[in-house]
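# Chain and residue survey
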Amino acid sequence: MWSRIWADLMPGESDVGVTRPRPPGDARAEQAGAAVLVWARDLGLVTDAVEEKRLAAMRLGEFACVAVPGASARDLELTAQWAAFICLVDDRFDRRPVDVRPEEAGAVFDGLLGVLCGRAARPSSGAEHALDDLWWRTAPRMPLQWRERFVADYRDFALATREEAADRTERGRLGLGDYVLRRRRTITALPMADVLECTARAPWPGLPGGVDLMSALRLAAADVAGWTNDLVSAEDDLREDRDNLVTVLSRERACSPRSAREQVTRMRDRRLEDFHALAASLTAMAAPGTERDRVRSFVNTLGSFVAATLYWLGVTDRFEARWSLNRRSM
């Protein structure tokens, strides 16, 4: 079922918004995936054969091929490597035998934010080495405003992850509304969308009066990604007693898991419709000429990101139960 979800959700080809992606070319996807493995091994982001197999099973080369279909081989690999870093840091907190305490989360993110802000004299962990490498291959290509936005987006992800760790330690349970707001911060979609502005060569356009619409479009993309991720990972999260949009909705509305899954699916589909509507409105308000082209490029890149996320969540083996048996702290 999930291997076809993107095809069921994608409209036909259109000028703006999410379009049905072509299946990624095997050669480019394999090349990007192989580059991710070598890079992650060399920088200590993965440290044993099990972690390497799990990273390979994530199929991040395929994600990159759909997210930035026209990118050079270099930018395709950079996209896949950023996705690997984001996934593996997230897994450090979500997919461990024991819950991470908030002070541990704080220490991890202090180190990572130190790399981004130039405070780290020398990276001290595999994740810090990987981020240092990614940052210095990405940030110099982008303006100061982009760098400030990326750091702000990643700092907010760090804060939300620490809040989540505190709730787990205290056995706190969020209501549906609060969970939805936090999920768009913990899914790490906004930092990844920032990265794609670089690798797809589609920077934030200077559209007068369009800032609110562009921000709303990004939040819609984050919600679609987060809610679809929760649908795919629901069984894994249930095994590990982690909150998930399906379980939170089931608890709050006192309905069965099956009913909750159906309701979350409808929520996600409506949010995808919101994304299309926002994309059309944003493109319509842009003036003709270069500015309009920049807006279209930005909107279409976010559309490719949403399409890639839906496609990837249908084919990735990231959430398979076999990895639960071999998890260890990264």
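Look a little higher up for the structure.
What this report covers is the structure whose coordinates are included nearby. (Residues numbered from 1 in each chain as written. Predicted model: local features only at pLDDT ≥ 70, side-chain atom pairs only at ≥ 80, totals over all residues. Heavy atoms only, no water.)

## Points about the overall build of the protein
Scanning the protein for helices and strands turns up 15 helices and 0 strands. For the protein, buried positions account for 55% of its 330 residues. Long-range contacts, defined as pairs at least 24 residues apart, comprise 75% of the intrachain contacts of the protein with a sequence gap of at least 6. Carbon and sulfur atoms make up 52% of the accessible area of the protein, which amounts to about 14,500 Å² in all. (Helix = DSSP H or I, 4+ residues; strand = E, 2+ residues; numbered from the N terminus. Buried < 20%, exposed > 50% of the residue type's maximum accessible area, 1.4 Å probe, protein only. Contact = heavy atoms within 4.5 Å. Areas by Shrake-Rupley, 256 points an atom, 1.4 Å probe, with all protein chains shown as cover.)

## Looking at empty space enclosed by the protein
Summed over all chains, the structure comprises 7 cavities of 30 Å³ or more. If you add up the space inside the largest cavity, you get close to 410 Å³. Along its surface, the largest cavity is lined by 31 residues, and Asp90, Arg183, Ile187, Asn229 and Arg318 are the ones closest to its centre. Residue contributions to the lining of the largest cavity peak at 5 residues, all from helix H5 (residues 73-94). By residue class, the composition of the lining of the largest cavity is 14 nonpolar, 6 polar and 11 charged. (1 Å grid on protein atoms, 1.4 Å probe; cavity = no way out; pocket = protein on both sides within 12 Å on 5 of 7 lines; lining within 4 Å. Points joined across faces, edges and corners; volume = space filled by probe spheres on them. Nonpolar A, V, L, I, M, F, W, Y, C, P; charged D, E, K, R; others polar.)

## Re the side chain of Asp230
The topology assignment puts Asp230 in helix H11 (residues 211-232). By relative accessible area, Asp230 is classed as buried at 2%. Only 3.0 Å separates the side chain of Asp230 from the side chain of Arg183, close enough to count as a polar contact. Apart from the residues lying within four places of it in its own chain, the contact partners of Asp230 are Tyr179, Arg183, Asn244, Leu245 and Val246. (Polar contact = N/O pair within 3.5 Å; in protein donor to acceptor, adjacent residues only side chain to side chain.)

## Overview of the environment of Arg182
Within the fold, Arg182 resides in helix H9 (residues 176-186). Of the residues examined, Arg182 reaches a relative accessible area of 12% and is grouped as buried. C-alpha of Arg182 to C-alpha of Glu164: the two residues are 18 residues apart in sequence and 8.5 Å apart in space. The residues touching Arg182, leaving out its near neighbours within four places in the chain, are Ala160, Glu163, Glu164, Asp167 and Leu174. At 2.7 Å, the side chain of Arg182 and the side chain of Asp167 are in polar contact.

## Regarding unusual backbone geometry
Not every positive phi belongs to a glycine, and Arg59 is a case in point at roughly 60°. Examined against the element boundaries, Arg59 turns out to sit in the loop between helix H3 (49-57) and helix H4 (60-67). In this structure Arg59 comes out as partly exposed when scored by relative accessible area, which is 31%. For Thr188, which is not a glycine, the phi torsion comes out positive at approximately 65°. By the element assignment, Thr188 lies in the loop between H9 and helix H10 (189-199).

## Remarks on the packing of helix H2 (residues 26-42) against H4
Packing of H2 against H4 leaves a shortest axis separation of 7 Å and a crossing angle of 125°. Classified by the angle their axes make, H2 and H4 are oblique. Two packed elements cross with a definite hand, and for H2 against H4 that hand is right-handed. Where H2 approaches H4, its residues Arg28, Ala29, Ala32 and Gly33 are matched on the opposing element by Gly61, Glu62 and Cys65. When its residues are assigned to classes, the contact of H2 with H4 shows 3 nonpolar, 2 polar and 2 charged. (Axes fitted to C-alpha atoms, helices over the stretch in contact; angles between N-to-C directions. Parallel < 35°, antiparallel > 145°, perpendicular 65-115°, else oblique. Left-handed = near helix turned anticlockwise from the far one by under 90°.)

## Here we look at the pattern of salt bridges
The final tally for this structure, using the stated rule, is 26 salt bridges. One salt bridge connects Arg184 with Asp223, and the closest N-O pair in it is separated by 2.7 Å. Here Asp223 lies in helix H11 and Arg184 lies in helix H9, a separation of 39 residues in the sequence. Assessed through its relative accessible area of 1%, Asp223 is described here as buried. Linking Asp274 and Arg271 is a salt bridge whose minimum nitrogen-to-oxygen distance equals 3.2 Å. Separated by 3 residues within a single helix, Asp274 and Arg271 lie in helix H14 (residues 257-285), roughly one turn from each other. Using a relative accessible area of 35% as the deciding quantity, one classes Asp274 as partly exposed. Through salt bridges with shared partners, a single ionic network connects Arg149, Asp153, Asp194, Glu197 and Arg218. (Salt bridge = Lys/Arg side-chain N within 4 Å of Asp/Glu carboxyl O.)

Function cannot be inferred from these measures alone, as they are strictly geometric.
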